[in-house]
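Summary of structural features
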Amino acid sequence: MALIPSFLGRRSNVFDPFSLDVWDPFEGFPFGTRALSEPRSSFGSEVSAFVNTQIDWKETPEAHVFKADLPGLRKEEVKVEIEEGRVLQISGERSKEFEEKNDRWHRVERSQGKFLRRFRLPENAKVDQVRASMENGVLTVTVPKEEIKKPEVKAIEISG
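All values reported here derive from a predicted model rather than from experimental measurement. Within each chain, residue numbers correspond to sequence positions counted from 1 in written order. In view of the model being predicted, local features appear only for residues whose pLDDT reaches at least 70, and side-chain atom pairs are presented and counted only at 80 or more, with totals across whole chains, interfaces and linings using the full set of residues. To get the side-chain values, all heavy atoms of the structure are used, and hydrogens and water are removed first.

Some points on the pairing of strand β9 (residues 138-144)
Summarising burial for β9: six of the seven residues are buried, a large majority. As judged from the seven bridges shared by strand β4 (residues 63-69) and β9, these two strands associate in the antiparallel manner. Paired with A63 across the strands is P144, a residue of β9. The pairing of strand β8 (residues 131-135) with β9 spans five bridges and is classified as antiparallel. Its bridge partner lying in β9, R131 is registered against T142. Criterion used throughout: strands pair if DSSP finds at least two bridges between them. Counting from the N terminus, the helices are DSSP H or I runs at least four residues long and the strands are E runs at least two residues long. Connecting the antiparallel pair β8 and β9 is a turn made up of two residues, with N136 showing a positive phi of about 55°. Residue exposure (1.4 Å probe, protein chains only): buried if accessible area is under 20% of the type maximum, exposed if over 50%, otherwise partly exposed.

What follows is the structure, given as structure tokens:
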């Protein structure tokens, strides 16, 4: 008889540190948390954390600057487009890593799949002069701004 209770899990192989079968307190509930502990290939869809690519948007006096962290992607795997209606679209795809029949995955945390983000640009954006560059896995998209013309004020002399 073990001194430590087995409710936290039991090893299916005592010599394998990754074989701990973790107890799921929600096992049997209708929303099925079991899928969270299964390998990603069993999800049956391409939706992943990569879909939620984080993008920063800052405005400087000269331009709107978008920065996206896309580690492991090459510039050929990313698209930057301007759609009608002043919409900036950034998209791409990280391919699934090829799996060998003999491979045994212990953990799959790197995201994969497609991503797509859209941003409606303000009226002062020069959509015909957009520039994009990618360095060390960081995509930078620069959208120059038009100068806002201040209305010309003309002083009128009052007679009389």
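Still more to cover.
Considerations on the environment of V130
Take V130: it is sitting in the loop between β7 (113-120) and β8. Sequence spacing of V130 and T142 is twelve residues, and the spatial spacing of their C-alpha atoms is 5.8 Å. In contact with V130, not counting residues within four places along its chain, are I82, V141, T142, V143 and P144. Any pair of residues with heavy atoms lying within 4.5 Å of one another is described as a contacting pair.

Regarding the side chain of T53
By the secondary structure assignment, T53 is in the loop between α1 (34-37) and β3 (55-59). Ignoring anything within four residues of it in the chain, the contact list for T53 reads D69, L70, F115 and R117.

Brief notes about the confidence of the model for the chain
Of the residues in the chain, 68% have a pLDDT of 70 or more, and the chain-wide mean is 76. Here pLDDT means the predictor's own confidence in every residue, given as a number from 0 to 100. Counting interchain partners and residues more than four positions distant, the pLDDT-below-50 stretch residues 32-49 has 23 contacts.

A few points about the sheet that holds β9
The four strands are arranged β3-β4-β9-β8 in an open sheet whose pairing can be described as antiparallel. Each having just a single partner strand, β3 and β8 make up the two edges of the open sheet. Looking at each pair of strands side by side, their axes are set apart by 15° on average, direction ignored. Judged from the five bridges that link them, β3 and β4 form a sheet pairing that is antiparallel. By the bridge assignment for β4, E59 is matched with H64. A fitted line through C-alpha atoms represents every axis, and for helices the fit uses only the stretch in contact; the resulting angles, taken between N-to-C directions, go from 0 to 180 degrees.

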